[in-house]
Amino acid sequence: MVFRHFLKMHGRAVALACVVAPLGAWAQTPPAPAAVDWRSANDAVGQFKRGHIDLFKWERANLPPEPVAAAEPAGLALPSVQDAVRLAWRAHPDLAEVQNRLGRANLDLIAEGRWAEIDIGLQRRVDDMGELLEVAAEARKAWVEAVAAAQVVRWRQTSMDSADAAHDLGQRMVGVGNWGAMEGRHVQLALISARMDLRRAQVAAAQSQLALLQTMRLANARARVHLPEALTGVPAQAMDTPALDERVNRLRAQLPVAAAGFLKTSAGMAYEVYRTSHALALDSAQALDLRKRNSQEIGLQYNGMLASVWDVLGDARDVAQAQIDAIEAQRDFWLAETDLQWVLQGGGPARLVSLAGGGGEAAAAGGH
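The structure displayed is predicted, hence computed values, not measured ones.

Draft legend 1. Main features of the confidence of the model for the protein chain. Counting all residues, the mean pLDDT for the protein chain is 81, and 76% of those residues have values of 70 or more. Here helix 2 (residues 12–20) stands out as the element of the protein chain with the lowest mean pLDDT, 37, in contrast to helix 5 (residues 81–90), whose mean of 97 is the highest. Low pLDDT, under 50, characterises residues 48–60; the predicted model gives this stretch 29 contacts beyond four residues in sequence or across chains. Contacts for the low-pLDDT stretch residues 358–368, under 50 throughout, to residues beyond four places or in other chains number 26 contacts.

Draft legend 2. Spatial organisation of the packing of helix 5 against helix 8 (residues 129–175). Between helix 5 and helix 8, the shortest axis-to-axis distance is 8 Å and the interhelical angle comes to 135°. Relative to helix 8, the element helix 5 lies oblique. Of the two elements, helix 5 crosses helix 8, and the hand of that crossing is right-handed. Between helix 5 and helix 8, the contacting residues are Val81, Ala84, Val85, Ala88 and Trp89 on the first element and Leu132, Val135, Ala136, Ala139, Arg140 and Trp143 on the second. Looking at the contact of helix 5 with helix 8 residue by residue, the classes come out as ten nonpolar, no polar and one charged.

Draft legend 3. Up close: the environment of Leu133. Secondary-structure assignment places Leu133 in helix 8. On the accessibility criterion, Leu133 (1% relative accessible area) is buried. Considered as a pair, Leu133 and Leu107 are 26 residues apart in the sequence and their alpha carbons are 9.9 Å apart.

Draft legend 4. Structural detail: unusual backbone geometry. Its identity is not glycine, yet Arg217 carries a phi of approximately 55°, on the positive side. Looking at the secondary structure, you find Arg217 in the loop between helix 9 (181–215) and strand 2 (225–226). Given the relative accessible area of 56%, Arg217 is considered exposed. Positive phi, normally seen in glycine, also occurs at Met305, with a value near 60°. Its place among the elements puts Met305 in the loop between helix 11 (257–303) and helix 12 (309–343).

Draft legend 5. Main features of a nonpolar patch on the surface. On the surface, a nonpolar cluster with roughly 260 Å² of combined accessible area is contributed by Leu189, Ile192 and Met196. With respect to the helices and strands, Ile192 occurs in helix 9. Of the residues examined, Ile192 reaches a relative accessible area of 31% and is grouped as partly exposed.

Draft legend 6. The arrangement of the packing of helix 5 against helix 6 (residues 96–111) in detail. Relative orientation of the contacting elements helix 5 and helix 6 amounts to 155°, with a least axis distance of 10 Å. By the criterion of interaxial angle, the relationship of helix 5 to helix 6 is roughly antiparallel. The two elements helix 5 and helix 6 cross, and the hand of that crossing is right-handed. From helix 5, Val81, Gln82, Val85, Arg86 and Trp89 reach across to helix 6, where they touch Gln99, Leu107, Asp108, Ile110 and Ala111.

Draft legend 7. Broad picture of the packing of aromatic side chains. Scanning the entire structure with this criterion turns up four aromatic pairs. With 5.5 Å between their ring centres and 40° between their planes, Tyr274 and Phe333 make a pair best called tilted. One end of the pair, Tyr274, is in helix 11; the other, Phe333, is in helix 12, with 59 residues separating them in the sequence. Tyr274 gets classed as buried once you look at its relative accessible area, which sits at 5%. An aromatic cluster is defined as three or more aromatic residues linked by ring pairs; in this entry it consists of Tyr271, Tyr274, Phe333 and Trp334.

Draft legend 8. Representation of the nonpolar core in the model. Core analysis: the biggest nonpolar cluster contains 74 residues, and Leu78, Trp89, Leu102, Ile110, Met129, Trp143 and Leu212 have the highest contact counts within it. Taken together, the elements giving at least two residues each to this core come down to helix 5, helix 6, helix 8, helix 9, helix 10 (241–252), helix 11 and helix 12. The contact partners of Leu212, leaving out residues within four places of it in the chain, are Leu78, Ala84, Ala139, Ala142, Trp143, Ala146, Val225 and Leu227. With 13 residues, the next largest nonpolar core counts Val187, Val309, Trp310 and Val312 among its residues.

About the thresholds
- Residues numbered from 1 in each chain as written.
- Predicted model: local features only at pLDDT ≥ 70, side-chain atom pairs only at ≥ 80, totals over all residues.
- Heavy atoms only, no water.
- pLDDT = per-residue confidence, 0-100.
- Helix = DSSP H or I, 4+ residues; strand = E, 2+ residues; numbered from the N terminus.
- Contact = heavy atoms within 4.5 Å.
- Axes fitted to C-alpha atoms, helices over the stretch in contact; angles between N-to-C directions.
- Parallel < 35°, antiparallel > 145°, perpendicular 65-115°, else oblique.
- Left-handed = near helix turned anticlockwise from the far one by under 90°.
- Nonpolar A, V, L, I, M, F, W, Y, C, P; charged D, E, K, R; others polar.
- Buried < 20%, exposed > 50% of the residue type's maximum accessible area, 1.4 Å probe, protein only.
- Patch = residues over 30% accessible without salt bridge, like charges linked within 9 Å, V, L, I, M, F, W, Y side chains within 5 Å.
- Areas by Shrake-Rupley, 256 points an atom, 1.4 Å probe, with all protein chains shown as cover.
- Salt bridge = Lys/Arg side-chain N within 4 Å of Asp/Glu carboxyl O.
- Phe/Tyr/Trp six-rings, centres within 6.5 Å; stacked < 30°, edge-to-face > 60°.
- Core = buried A, V, L, I, M, F, W, Y, C linked by side-chain atoms within 4.5 Å.

Next up, the structure:
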């Protein structure tokens, strides 16, 4: 992020001086220590048309190259969910005959998650197809979980960077007498909280990658999984009720009476979770868009000295949390979608996804 690069480029003291330059309009404070050249910092910013925003962009574009890290051990590349499903099938040699009987076209539909296009009658004609679908569903869900968890780590790191910058700035304000000890502890607590969230996210990401490898029986063979940057976007329209009823009725016609009754119940519950997860994902995406618009406004206000550095840092944390909420809602949709498709093929997930709320508003870092 820009703040991290800015700090890295100039050192924490001078960088924070540049960031805090407009604070005079927000807090009546004694002059900063002579070691920090506030006037030079503001003069440097003044060379850019849009103040700190342009300065940050210039710094980011002109950063020295990062040190070349040692090459990581080769890992397992899983750029798509299809790759995960196919490797999971490969780990079950007993499914080879089932795959031969289904044929390439049907296997492609299953691997790509296009289960609604599969002939429901296949399960009655192909033995052990249910096991093949179960392996595919588990691999698909594990892949979705792993991709989302890795995304969350990146945004937890962003939130941590913002809290770190706020903490450094707060300690300086305590040092020059602008803040008391209580305000200093407030930003320190925010930093500790962000650090704890990051550590939890890192552990969750590692666990999700291990779970993904276990679906392929590769847990002891690979050190790292290479995943895409993000999940596929949620479709604008969810499956409607008539389409659900049509699928359920077609499947019920091929089942015993007792099993048909259970199917109707389980399909109804899976569909409710699916529809709700879809609505939540769309709401989270809309909330994120609004956050981003507010962030642009705050950036402009900051350059016009109408917003404080605390507004900027707090906004960075709020945007990061909104990103995390959107990622988790997107993840839940794809998990619920897999469960529903599985049920509509006669399967039975052990449990449906729990649609827990997001993290909500990020805690404010300090006084305005």
